[in-house]
Amino acid sequence: MSNLALIKNLPKAELHVHIEGTFEPELMFAIAKRNQIAIPYSSVEEVKNAYNFHNLQSFLDIYYAGANVLIHEQDFYDLAWAYFEKCATDNVVHTEIFFDPQTHTERGMDFATCFNGLYRACQDAKQKLNISSHLIMCFLRHLSEESAFNTLEQALPFKDKIIGVGLDSSEVGNPPSKFERVFARARELGFLTVAHAGEEGDPDYVWQALNLLKVNRIDHGVRSEEDDKLMQRLIAEQMPLTVCPLSNLKLCVVKNLTDHNIKRMLNQGVCVTVNSDDPAYFGGYMNDNFIAIDTALNLTSDELKQLAINSFNASFISDDEKQYWISKIKAY
Ligand code: ADE
Ligand code: ZN
């Protein structure tokens, strides 16, 4: 089987995708129109031309502006449903979706409006597409600790429907230590924890995420390679890194995908996984990310299979479910 066929056929889990980052310009226009909200672009082409980023912040500014057209529960449903259809195309059989409630509550929306739309799409995805999912609520790290505590409070009525909490947005200058107490409370309440670290921030951000936030996974973590001791710890603990190759390319974390360290880290025994991050902005969903690194780094079929196996091992599904999918991958 060719690598392309293998990539398409392998069952995969996605562990790092921001639902607001799956907002395709076509849907953005449609929702803006029905909500009678003006957007500063006249065509889908013009929107796509604006997606030229030089770092994380230049992307985040556009990403938060795009989310402003989401107003009604149905908008969030439609957003998530469109993403689940992409999962079905890519044979992503399980996904753990980030959502950023503060992006919406800070502009006056109810937590429930956003949450109920997303959750209903997750239920329909299981029923109609047989795709399982979990929701992970992220705190925006450029906002205050107090705002994060408020958000945690607002999530409590939905606690059983949210598997974990995460940390995203502008990394440098907003270290994990800022959220140590919020994460401690979230863990006490039974939430699993993840955090973006080592995307633009140095390895100390990854150490802090491990030691202070006691995370179950690191999102990105590609700068961990600069610190040998950190690499040893990641390998010893099989601490997953949810790596996003096309994101790293578009946000200039790497100059070329041929420079990307995912293959090197995989072969050193780090539990790296492939993910799309914000696929509507970075030029591709799960399989596009696999194809891009396969092309740039000449992956072997065993490496592709190991990446798919890692995606299930690193996920928050049960051990029985993990074994079910891993045995299917091994049979290829
Ligand atoms: N929010 C959406 N995408 C993000 C990324 N790549 N890093 C930090 N915050 C984000
Ligand atoms: Zn991300």
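Data block above holds the structure.
The present account deals with the structure reproduced in this document. As the structure is a prediction and not an experimental result, all values here were calculated from the model.

Our focus in this paragraph is the coordination of the zinc ion (ligand 2). Coordination of the zinc ion (ligand 2) by the protein is provided by His-16 (NE2), His-18 (NE2), His-196 (NE2) and Asp-277 (OD), with metal-donor distances spanning 2.1 to 2.2 Å. Viewed at the metal, the four donor atoms of the zinc ion (ligand 2) are separated by angles of 84 to 175 degrees, and the geometry they form is irregular. Each donor residue of the zinc ion (ligand 2) lies on the same chain, and together they follow the pattern H-x1-H-x177-H-x80-D. In terms of burial, His-16 and His-18 fall into one category: buried.

Inspection of the region around ligand 1 gives His-18, Leu-56, Phe-59, Leu-60, Tyr-63, Asp-168, Ser-169, His-196, Glu-199, His-220, Asp-277 and Asp-278 as its neighbouring residues. Between a nitrogen atom of ligand 1 and a side-chain N or O atom of His-18, the distance comes to 3.4 Å. Note that a nitrogen atom of ligand 1 is positioned 3.4 Å from one of the side-chain N or O atoms of His-220. Bound to the protein, ligand 1 loses 100% of the 260 Å² it would expose on its own. Tallying contributions element by element places helix α4 (residues 56-67) first for the shell around ligand 1, with four residues. Residues of the shell around ligand 1, tallied by class, amount to four nonpolar, four polar and four charged.

Within helix α11 (residues 228-237) the residues assigned to the buried category are Leu-230, Met-231 and Leu-234. Axial view of α11: buried residues confined to an arc of 100 degrees, hence all on one face. Among the exposed residues of α11, those pointing more than 90 degrees away from its buried face are Asp-228, Lys-229, Gln-232 and Ala-236. Contact partners of the buried residues in α11: α10 (203-211), β7 (241-243) and α13 (262-267). The N-terminus of α11 is capped by Asp-227, whose side-chain oxygen sits 3.1 Å from the backbone nitrogen of Lys-229. Directly after α11, the chain includes Gln-238, whose backbone phi takes a positive value near 45 degrees.

Calculation rules
Residues numbered from 1 in each chain as written. Chains lettered and ligands numbered in written order. Predicted model: local features only at pLDDT ≥ 70, side-chain atom pairs only at ≥ 80, totals over all residues. Heavy atoms only, no water. Donors = N, O, S within 2.8 Å, 3.2 Å for Na, K, Ca; no water. Tetrahedral: all angles 85-135°; square planar, octahedral: opposite > 155°, others 65-115°. Buried < 20%, exposed > 50% of the residue type's maximum accessible area, 1.4 Å probe, protein only. Near = heavy atom within 4 Å. Polar contact = N/O pair within 3.5 Å; in protein donor to acceptor, adjacent residues only side chain to side chain. Areas by Shrake-Rupley, 256 points an atom, 1.4 Å probe, with all protein chains shown as cover. Helix = DSSP H or I, 4+ residues; strand = E, 2+ residues; numbered from the N terminus. Nonpolar A, V, L, I, M, F, W, Y, C, P; charged D, E, K, R; others polar. Arc of directions from axis to C-beta. Contact = heavy atoms within 4.5 Å.

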